[in-house]
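So you can see what is in the structure, the chains are spelled out below.
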Amino acid sequence: MMRRHAATVLLAGAVLTGCGAPAPVASPVATTVPVTTTAVAPTAAPTAAPTAAPTSAPPACPASAWSCEQQSRFAAVEAYSRRTVGAHGYLAVAFTDRRTGAVWRTGDTTHEGWTASTIKLAIASDLLARNRTGDITLTAADRHDMDTMLNFSDEAASDRLWKRFGGDAMLARFRDDLGMTGLHFVPGFTSSTYWGFVKCTTDDLAALMAHVLQGPDRDHLVPAMRGVASNQQWGVWGAGAAQQPGNKDGWSFESDSYGKHWVTDTVGFAGPDERYTLAIMYQVGPAGSLAGGVHAVSDVAALLFGRPVPASITVPAPDG
């Protein structure tokens, strides 16, 4: 959720066949040219029919760190984006295989967009780190606020934590410690720095997710992201239950130079041992809707994991 409105976007799209998780790299399979024979009468000497002319082998997929099946899924996502994103809409995706280190991107992953409530994952990561080093002491009430902030994106809890611990110094740590180098506060909406008016890039969210999974507080954050309430069961959640996804979603109604519009962002992980991370930012065009944005980012996740679309997800109320 975000301080303004919450929205869900569901994308309609194509169905990719294959197993649920991104498929391992496969070697090209040779094709066999069929040979036909003509049946003859029992008393005649057997005669073979002419051999069929050789057919050309199907083109192999480009050499890549990704399997041919996964490359087909990427193509389906790109086609879906072309069909879905309207004027002044910006949809970008960063998909990482943590086992191989391969990263696939589509859209402008360096385009600045509103973080909405995805920034709450950064807030939680920063608070846990500072508490662990003794820089701050989180009370039972603070921990409860942090848990509800992650679980159902509670706005009041986020505001209380920001008032106690937030500010420009926290945003600087997001850039320096969490790898969110493009993140910054957008002035003009409030008199002081506030978590609700911050922009970052899709690459920034991908860096945040990598930090969470590699850091010492993952045992707290991973279960929290897997156990989110129904209003956050979309976005990366579209990968499907078999992939055991976890995510932090963000949805809000924002203003930019081209008009007022919805934002639907999602960052998380899926697959065995959280093998894959996924960051999607969708600055929905002014003509779009919350539901459309929520479905779109969820369908992208579904397509990447070979799941049918539209994905089966929950659209949150626009009350963030």
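For the structure itself, consult the block above.
Residues numbered from 1 in each chain as written. Predicted model: local features only at pLDDT ≥ 70, side-chain atom pairs only at ≥ 80, totals over all residues. Heavy atoms only, no water.

Here we look at the sheet that holds strand β4 (residues 113–114)
Consideration 1: Strand order in the open sheet formed by three strands is β4-β6-β5, with antiparallel pairing between adjacent strands. Here the strands that pair on one side only, and so sit at the sheet edges, are β4 and β5 (184–185).
Consideration 2: Pairing of β4 with strand β6 (residues 198–200), which is carried by two bridges, proceeds in the antiparallel orientation. Along β6, the bridge assignment pairs Gly113 with Cys200. (Pairing = 2+ DSSP bridges. Helix = DSSP H or I, 4+ residues; strand = E, 2+ residues; numbered from the N terminus.)

Structural notes on the nonpolar core
Consideration 1: The biggest cluster of nonpolar side chains holds 45 residues, and the ones touching the most others in it are Leu121, Leu127, Phe174 and Met180.
Consideration 2: With seven residues, the single largest contributor to this core is helix α2 (residues 119–133).
Consideration 3: Grouped together as the second largest cluster of nonpolar side chains are 34 residues, Val77, Ile280, Val284 and Phe305 included. (Core = buried A, V, L, I, M, F, W, Y, C linked by side-chain atoms within 4.5 Å. Buried < 20%, exposed > 50% of the residue type's maximum accessible area, 1.4 Å probe, protein only.)

Details of the packing of aromatic side chains
Consideration 1: Under the defined criterion, the tally for this structure stands at 15 aromatic pairs.
Consideration 2: Considering the side-chain rings of Trp66 and Phe74, the 5.1 Å spacing of their centres and the 85° angle between planes classify their relative orientation as edge-to-face.
Consideration 3: A network of ring pairs unites the aromatic residues Trp66, Phe74, Phe95, Trp104, Tyr276 and Phe305 as a single cluster. (Phe/Tyr/Trp six-rings, centres within 6.5 Å; stacked < 30°, edge-to-face > 60°.)

Regarding the side chain of Asn247
Consideration 1: Considering the arrangement of structural elements, one finds Asn247 in strand β7 (residues 246–256).
Consideration 2: We classify Asn247 as buried; its relative accessible area is 1%.
Consideration 3: Polar contacts involving the side chain of Asn247 include one to the main-chain carbonyl oxygen of Gln232, which spans 3.0 Å.
Consideration 4: At a separation of 3.1 Å, a polar atom in the side chain of Asn247 contacts the main-chain amide nitrogen of Trp237.
Consideration 5: Each residue touching Asn247, except ones within four places of it in the same chain, is listed here: Met225, Val228, Gln232, Trp234, Gly235, Val236, Trp237, Thr266, Val267 and Gly268. (Polar contact = N/O pair within 3.5 Å; in protein donor to acceptor, adjacent residues only side chain to side chain. Contact = heavy atoms within 4.5 Å.)

Quick look at the pattern of salt bridges
Consideration 1: Overall, the coordinates contain 13 salt bridges when judged by the stated rule.
Consideration 2: For the salt bridge of Asp217 with Arg132, the shortest nitrogen-to-oxygen distance reads 2.9 Å. Of this pair, Asp217 sits in the loop between α6 (202–214) and α7 (218–226) while Arg132 sits in helix α2; the two residues are 85 residues apart in sequence, bridging distant segments of the chain.
Consideration 3: In this structure, a network of salt bridges that share partners links the residues Asp126, Arg130, Asp135 and Arg173. (Salt bridge = Lys/Arg side-chain N within 4 Å of Asp/Glu carboxyl O.)

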